[in-house]
Amino acid sequence: MFPHLTHGHRKVLEALVRHGTAARAELAEASGYTRPAVTNLVRDLMDWGLVEEDNGAYVHTGRRGQPQKPVSLRSGAAYAFGIGFTAGALDLVAMDLGGRVVGRTRTPLVEPTPRAVLEAVQQQLESAYGKSHVVRWRQLGFGIGVPADLPPEQAQAWTLAYRREELISYFANNLEGPAFIEAEPLACGIGERVFGIGARYQTYLIVHIGLEIGGALFIEGRPFRGGQGMSGAGQIGQFFSEAESPDGRDLMKALTTAGFGVGDLSDLDILPETAQGVIDDWTHSAAARLSAGLAKLSPFLSPDAIILTGRLSPLILKALAEAMQLGEGAPVVEASRLGAFQTAIGA
């Protein structure tokens, strides 16, 4: 186990994930901390074996004194686990410090309660710890993305506005490591910021398509949590009529009406090829409805980009993005490329 990583330590690690080898001055600019503060943070990370100096290179800063040695991540020194789940399945992803996915599993979930999620994660971790590249003492922590479209009887247990600290303590104590919990759209947005196309933009809107439509807003590269800081900002579902909302539930209804039984969005991966025509028709209709709602919203928020994420396949998300038309001067619309495990990756 590593000592507790502060927000500053994590910002330096994030900067190294995004920029690779970098001098301390560059890390200060990327993280927003002063150079002396970054020097201390880097010293801690070196003492813990998470970063190392490049002895074969030097960076001249323009100041007096010896040139600086750039630092880089020791990718295999530690691992973080991301957890995403739905009403019936749980995803667990293990990533090294360099952002490389070194393991991922999807397992059935008995029910989407905190206890059931914990037990499923513990079972998967026992298997992961048996592999040579993931060991308990190298774990940095756990991130959990909480879906907003859970059944009402389970959703109350995950109400982050009131139970965030309780849930963090519950998972941290039982998993023996720091825990971080975010709403699913925000977790996807963080994943895009660090590992995906969000790294190209400073301000972007996440449109998360699950059984319902959710959203998250990132301003100057940081998630906007709203006045109460409870991840409540960015919810955009109300911009679409409930009866005609272009969400996953609407797609499942279209497929079922056409004779293709779909009980969960994960069933989209095993549909026969004959269902593609239904999906194409729905994509065209959904793109028009998404465009109508977002065309009204985007001038107010004025993001650099709109990024489609969620539980639809990357191919459907890409088709939606390409079919959307927001009008002249509107932000670019792109589809996430992180795939089915994007919530766990972002968490």
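That block above? That's the structure.
My aim in this report is to walk through the structure given alongside it, one point at a time.

The rules we used
Residues numbered from 1 in each chain as written. Predicted model: local features only at pLDDT ≥ 70, side-chain atom pairs only at ≥ 80, totals over all residues. Heavy atoms only, no water. Salt bridge = Lys/Arg side-chain N within 4 Å of Asp/Glu carboxyl O. Helix = DSSP H or I, 4+ residues; strand = E, 2+ residues; numbered from the N terminus. Core = buried A, V, L, I, M, F, W, Y, C linked by side-chain atoms within 4.5 Å. Buried < 20%, exposed > 50% of the residue type's maximum accessible area, 1.4 Å probe, protein only. Pairing = 2+ DSSP bridges. Right-handed = clockwise from strand over helix to strand, strands pointing away. Contact = heavy atoms within 4.5 Å. Phe/Tyr/Trp six-rings, centres within 6.5 Å; stacked < 30°, edge-to-face > 60°. Axes fitted to C-alpha atoms, helices over the stretch in contact; angles between N-to-C directions. Parallel < 35°, antiparallel > 145°, perpendicular 65-115°, else oblique. Nonpolar A, V, L, I, M, F, W, Y, C, P; charged D, E, K, R; others polar.

What about the pattern of salt bridges?
For step 1, the next point in the chain: All told, the structure shown has twelve salt bridges when counted by the stated rule.
For step 2, the next point in the chain: Across the pair Asp149 and Arg311 runs a salt bridge whose closest N-O atoms are separated by 2.8 Å. Placement of Asp149 in the loop between strand 6 (139–146) and helix 5 (152–155) and of Arg311 in the loop between strand 11 (305–310) and helix 10 (314–323) is noted, with a sequence separation of 162 residues between them.
For step 3, the next point in the chain: Where Arg163 meets Glu166, a salt bridge forms, and the shortest distance between an N and an O atom there is 2.3 Å.

Some remarks on the nonpolar core
For step 1, the next point in the chain: Val207, Leu255, Leu294, Leu308, Leu312 and Leu320 are the most contacted members of the largest nonpolar core, which totals 35 residues.
For step 2, the next point in the chain: In terms of residue count, helix 9 (residues 276–301) provides more of this core than any other element does, eight residues in total.
For step 3, the next point in the chain: Core analysis: the second largest hydrophobic core is formed by 30 residues, Tyr79, Phe85, Val117 and Ala183 among them.

Quick notes on the pairing of strand 11
For step 1, the next point in the chain: With six of its six residues buried, strand 11 lies for the most part within the structure.
For step 2, the next point in the chain: Judged by which residues are buried, strand 11 turns out to be covered on both faces: Ala305, Ile307 and Thr309 on one side and Ile306, Leu308 and Gly310 on the other are all buried.
For step 3, the next point in the chain: Pairing analysis gives six bridges linking strand 8 (residues 204–209) to strand 11, with the strands arranged parallel. Residue pairing in the sheet places Leu205 in a bridge with Ile306 of strand 11.
For step 4, the next point in the chain: The pairing of strand 11 with strand 12 (residues 332–335) spans four bridges and is parallel. Looking across to strand 12, one finds that Ala305 is bridged to Val332.
For step 5, the next point in the chain: Crossover handedness for the path strand 11 to helix 10 to strand 12: right-handed.

A few points about helix 8 (residues 248–257)
For step 1, the next point in the chain: Every buried residue belonging to helix 8 is among Gly248, Asp250, Leu251, Met252 and Leu255, and all of these are buried.
For step 2, the next point in the chain: On the buried face of helix 8, the contacting elements are strand 8, helix 9 and helix 10.
For step 3, the next point in the chain: Directly beyond the C-terminal end of helix 8, a positive phi value near 95° is found at Gly259.

Description of the packing of aromatic side chains
For step 1, the next point in the chain: Summed over all chains, the structure comprises five aromatic pairs.
For step 2, the next point in the chain: Pairing Phe81 with Phe142 gives two aromatic rings, centres 5.4 Å apart and planes at 15°, and the pair type is stacked. Of the two residues, Phe81 is situated in strand 3 (residues 79–85) and Phe142 in strand 6; the sequence distance between them amounts to 61 residues.
For step 3, the next point in the chain: Where Tyr204 meets Phe218, the ring centres are 4.8 Å apart and the plane angle is 5°; that geometry is what we call stacked. Here Tyr204, found in strand 8, pairs with Phe218, found in strand 9 (residues 213–219); they are 14 residues apart in sequence, far enough to count as distant.
For step 4, the next point in the chain: A relative accessible area of 0% places Tyr204 in the buried class.
For step 5, the next point in the chain: Classification of Phe218 as buried rests on a relative accessible area of 1%.

A word on the sheet that holds strand 4 (residues 89–96)
For step 1, the next point in the chain: Read from one edge to the other, the open sheet built from five strands follows the order 5-4-3-6-7, with strand pairing classed as mixed. The open sheet has two edge strands with one neighbour each: strand 5 (101–108) and strand 7 (179–183). The mean inter-strand angle of the sheet, taken between neighbouring strand axes irrespective of direction, is 15°.
For step 2, the next point in the chain: Pairing geometry for strand 3 and strand 6, over six bridges, is parallel. Within the sheet, the bridge partner assigned to Phe81 lies in strand 6 and is Phe142.
For step 3, the next point in the chain: The sheet strands contacting helix 7 (residues 184–195) are strand 4, strand 6 and strand 7, and the helix crosses strand 7 at an angle near 110°.

Remarks on the packing of helix 1 (residues 7–19) against helix 2 (residues 24–31)
For step 1, the next point in the chain: One can describe the packing of helix 1 onto helix 2 by two numbers: an axis separation of 9 Å at closest approach and a directional angle of 105°. By the criterion of interaxial angle, the relationship of helix 1 to helix 2 is roughly perpendicular. Every residue of helix 2 that contacts helix 1 at Lys11, Val12, Ala15, Leu16 and His19 is listed here: Leu27, Ala30 and Ser31.
For step 2, the next point in the chain: Residues that form the contact of helix 1 with helix 2 fall into these classes: five nonpolar, two polar and one charged.

Concerning the side chain of Thr107
For step 1, the next point in the chain: Its place among the elements puts Thr107 in strand 5.
For step 2, the next point in the chain: Residues contacting Thr107, with those up to four places away along its chain left out, are Gly88, Ala89, Leu90 and Gln124.

Observations regarding the environment of Glu184
For step 1, the next point in the chain: Assignment of secondary structure puts Glu184 in helix 7.
For step 2, the next point in the chain: Along the chain, Glu184 and Ile144 lie 40 residues apart, while their C-alpha atoms are 8.3 Å from each other.
For step 3, the next point in the chain: Beyond its immediate sequence surroundings of up to four residues, Glu184 is in contact with Gly145, Val146, Pro147, Ala148, His208, Arg311 and Thr343.

That's the geometry; what it means functionally is another story.
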